[in-house]
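Below, each chain spelled out in residue letters.
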Amino acid sequence: MPDAAIELVDVNKWYGTFHVLKDINLTVQSGEKVVICGPSGSGKSTVVRCINQLEKHQNGTIRVDGVELSDNPKSAATIRSEVGMVFQQFNLFPHLTVLENLTLGPIKARGLSRKEAEDKARHYLERVHIPDQADKRPVQLSGGQQQRVAIARSLCMEPRVLLFDEPTSALDPEMISEVLDVMVELAQEGMTMVVVTHEMGFARKVADNMVFMDAGEIVEQGKPEHFFTNPRSERCQKFLSQILQH
Amino acid sequence: MMKKATLALPLFLLVAGCSSSQTWGWYVIDPTTSSGWTNVKFLVSGMGATIQISLIAAVLSIVIGLLVALPGLSEKRGWRLVNRVYVEFVRSIPLLPMLFWVFYGLPIVFQSMGMNIPIDPFWGAIITLAISDSAFTAEIYRAGIQSIAKGQSEAAQTIGLNYFQTMRYVILPQAIRRILPPLANQFIYIVKMSAFASVIGMQELTRRANELVVTEYRPLEIYTLLIFEYLVLVLIISAGVRWLERRMGADERG
Ligand SMILES: Nc1ncnc2c1ncn2[C@@H]1O[C@H](COP(=O)(O)OP(=O)(O)OP(=O)(O)O)[C@@H](O)[C@H]1O
Ligand SMILES: [Mg+2]
């Protein structure tokens, strides 16, 4: 049995009195691709944000690479450097060029020299198919290109796990596939991925494990074959029939 | 347009004064006579001190303001409280009492702690102006930093930057465009308030005017010139602020 890259055991979280995550149990093996779907407000983003410590859970255990997340800021720093994150809104740094966006983390957090960091940045820009945009500002790029820069920025930190929170939801339809193509390539190269998305075509293609969330719970999870063809719960059936109609 | 109008009023007084020589005695600062020229030189020579005090106080206020603003942005309530207490407390003290406290009181506090730190009018004025202004600069920083979307600091954290790196490389470079113009405006406030330094004996513009009034007994003419001196200083600074705003705006677009 391979190491678990991420392990959530009985994780609970509240916003004030609002119980946003209820007994979440989820294991992501090294190299595995997990796709999380579910209706709006079901807690998908919150799960992902707890994994990289942008949010704190109140009880239960989250382990990344065997290290348990705690209030210890040192563990937060280790976790963050191993867990990359791609946001719905890209969150590129608008005052920096594409190349500077990519080298900032490696230089400041990893202590690489500028030269090493730039070589790495150019390498990953090529991987996301935009090698010639290095000196532009983010605003000069299309949405699809911006999101690919954001993916390259995460890859430059060489994370063990990459989290995606609805990476294509803010994109114009004609740009969705260019981003998904990059994600499929990453998946094929063996990257461990947790992806919140409603792109079921992508899910079918890469997911090893499908997770359906509703109202803060994981209602159903399983292999895509079973998940798409005969989901057990009614809520999941209903959700899938709605989303697959489009 | 505004600028012309601002200059017109004192000019009007000047003309009115020249035409009826009974009430006005411009000879006292008439640069064509030797005594008048000496007086003008005496008055204008306070400019250096006014500018020095204001500049040093502004720089200190910019630093203190940032240090006060940062805890105000914390998620921890305790840190935010530190910020609130400082800002509300400092903002509510009138400048003159604070100046007296710093100049006459602070050395005694130092003495009681076994330190012999004298405070001269120069540094007394600077410390007071800097602290008084820092409550305002702190609020300017806070608003500017809060205007940067939360996603920016989250993205910075996920690429491993710590708090200070996030501020230094991601947040402040973006916030500076919103911060710099109001900060420069605060400088005008400092220049005007520096006039209070005259009461603790600092030889700046206002003090010089007061001293000349005592010997020449021509308050109307001398204080008119004094107002002109501040007006010129402030107009120069506002021109600088506008230039800055234009440059920042241009940066934002390109
Ligand atoms: N900071 C917060 N304070 C209070 N409630 C919050 C906060 N963040 C999220 N919530 C609530 O928690 C619930 C789960 O939010 P979350 O963003 O995880 O949902 P989601 O499944 O990602 O939804 P979406 O598909 O809309 O992105 C929602 O009801 C949301 O309103
Ligand atoms: Mg979400």
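The preceding data block contains the structure.
The residue numbers shown here count from 1 along each chain, following its written sequence. Numbering of ligands from 1 and lettering of chains from A proceed in the order in which they are written. pLDDT decides what is reported in this predicted model: residues at 70 or higher carry local features, side-chain atom pairs at 80 or more are listed and counted, and totals for whole chains, interfaces and linings draw on all residues regardless. Only hydrogens and water are set aside when side-chain values are computed; all heavy atoms of the structure are taken into account.

Student: Would you explain the overall build of chain A in this entry?
Tutor: Under the DSSP-based scheme used, a helix requires at least four consecutive residues in state H or I and a strand at least two consecutive residues in state E, with every element numbered from the N terminus. When its secondary structure is counted, chain A shows nine helices and ten strands. Atoms counted for the radius of gyration: C-alpha only. Globule rule: 2.2 Å times the number of residues to the power 0.38. Taken over C-alpha atoms, the radius of gyration comes to 18 Å for chain A, in line with the 18 Å a tight globule of 246 residues would show. The principal-axis extents of the C-alpha atoms in chain A amount to approximately 55 × 45 × 40 Å. On chain A, roughly 10900 Å² of surface is accessible, and the fraction owed to carbon and sulfur atoms is 46%. For the accessible areas, the method is Shrake-Rupley and the probe is 1.4 Å, while residue cover comes only from the protein chains on display.

Student: When you look at the interface of chain A and chain B in this model, what are you seeing that I'm missing?
Tutor: In many reports, interface size means the accessible area that the parts give up when they come together. The interface of chain A with chain B comprises 18 residues on the first partner and 16 residues on the second. Defined in terms of a 1.4 Å probe, buried area is the accessible area two parts forfeit on being brought together, summed over both. For the pair chain A and chain B, the summed buried surface comes to about 1600 Å²; carbon and sulfur atoms form 62% of the total. Any Lys or Arg side-chain nitrogen found within 4 Å of a carboxyl oxygen on Asp or Glu counts as a salt bridge. For the interface between chain A and chain B, the tally reads one salt bridge. A salt bridge links glutamate 154 of chain B to arginine 49 of chain A, with the shortest nitrogen-to-oxygen separation between them at 2.7 Å. Polar contacts, as counted here, are pairs of nitrogen or oxygen atoms within 3.5 Å of one another; within protein the pair requires one atom able to donate a hydrogen and one able to accept it, and residues that are adjacent in sequence qualify only if both atoms are side-chain atoms. Run the count over chain A and chain B and you get seven residue pairs in polar contact (both at pLDDT 80 or more). The dominant element in the side of chain A that touches chain B, judged by the number of residues it contributes, is helix H3 (residues 98–108) of chain A, at three residues. By definition, residues are in contact when any of their heavy atoms lie within 4.5 Å.

Student: Sorry, what's going on with the site of ligand 1 here?
Tutor: All names here are of chain A. Around ligand 1, the neighbouring residues are Tyr15, Phe18, Val20, Pro39, Ser40, Gly41, Ser42, Gly43, Lys44, Ser45, Thr46 and Glu166. Note that an oxygen atom of ligand 1 is positioned 2.6 Å from one of the side-chain N or O atoms of serine 45. Here ligand 1, which alone exposes 640 Å², has 59% of that area covered by the protein. Of all the secondary structure elements, the ones that give two or more residues to the shell around ligand 1 are strand S2 (18–29) and helix H1 (44–51). Here the shell around ligand 1 takes three residues from H1, the largest share from any one element. Classification used: nonpolar for Ala, Val, Leu, Ile, Met, Phe, Trp, Tyr, Cys and Pro, charged for Asp, Glu, Lys and Arg, polar for all others including Gly. Its residues assigned to classes, the shell around ligand 1 shows four nonpolar, six polar and two charged. Consider each residue's heavy atoms; a residue with any of them within 4 Å of a molecule or strand counts as near.

Student: Looking at this model, I keep getting lost on helix H9 (residues 234–245) of chain A. Mind explaining?
Tutor: Structural remark: α-helix, 3.6 residues per turn; residues separated by three or four positions point the same way. Residues and elements named next belong to chain A. To estimate how far a helix should reach, multiply one less than its number of residues by 1.5 Å. With twelve residues, H9 ought to run about 16 Å at 1.5 Å a step, and its terminal C-alpha atoms sit 17 Å apart, in line with that. Exposure is judged per residue with a 1.4 Å probe applied to protein chains only, and the accessible area is read against the type maximum: over 50% gives exposed, under 20% gives buried, and values in between give partly exposed. Those residues of H9 that sit buried are Cys236, Phe239, Leu240 and Ile243. Take H9 and look down its axis: the buried residues cluster within an arc of 95 degrees, on one side only. Structural note: H9 exposes Glu234, Lys238 and Gln245 on the side pointing more than 90 degrees away from its buried face. Where the residues of H9 are buried, they touch strand S3 (33–37), helix H7 (200–206), strand S9 (209–214), strand S10 (217–222) and helix H8 (224–229). The directions from the helix axis to the C-beta atoms form the arc being described.

Student: Help me out: how do you make sense of the packing of helix H4 (residues 77–91) of chain B against helix H6 (residues 121–146) of chain B in this one?
Tutor: Geometrically, a packed helix pair is captured by the angle between its two axes and the distance between the axes. Residues and elements named next belong to chain B. In this description, a line fitted to the C-alpha atoms serves as the axis of each element, helices being fitted only across the stretch in contact, and the angle between N-to-C directions of two axes falls anywhere from 0 to 180 degrees. It is at 8 Å that the axes of H4 and H6 come closest, and there the two elements cross at 135 degrees. As summarised for this structure, H4 and H6 are arranged oblique, according to the angle between their axes. Regarding H4 and H6, the two cross each other, and that crossing is left-handed. Contacts between H4 and H6 involve Asn83, Arg84, Tyr86, Val87, Val90 and Arg91 from the former and Ile131, Ser132, Ser134, Ala135, Phe136, Ala138, Glu139 and Arg142 from the latter. The class makeup of the residues in the contact of H4 with H6 is seven nonpolar, three polar and four charged. The labels follow the angle: roughly parallel below 35 degrees, roughly antiparallel above 145, roughly perpendicular from 65 to 115, and oblique for the rest. Each crossing gets its hand from how the near helix is turned against the far one by less than a right angle, where anticlockwise is left-handed and clockwise is right-handed.

Student: I would appreciate a short explanation of the pairing of S9 of chain A in the present structure.
Tutor: Two faces belong to every sheet, and in a regular strand the side chains alternate between them. All names here are of chain A. Across the six residues of S9, six count as buried, placing the element largely inside the fold. Burial along S9 is two-sided: Asn209, Val211 and Met213 facing one way and Met210, Phe212 and Asp214 facing the other are all buried. Inspection of the sheet shows S3 paired to S9 by four bridges, in the parallel sense. Bridge assignment links valine 35 to a residue of S9, and that residue is methionine 210. Strand pairing is defined by DSSP finding a minimum of two bridges between the two strands. As judged from the five bridges shared by S9 and S10, these two strands associate in the antiparallel manner. From the neighbouring strand, valine 211 faces S10, where its bridge partner is glutamine 221.

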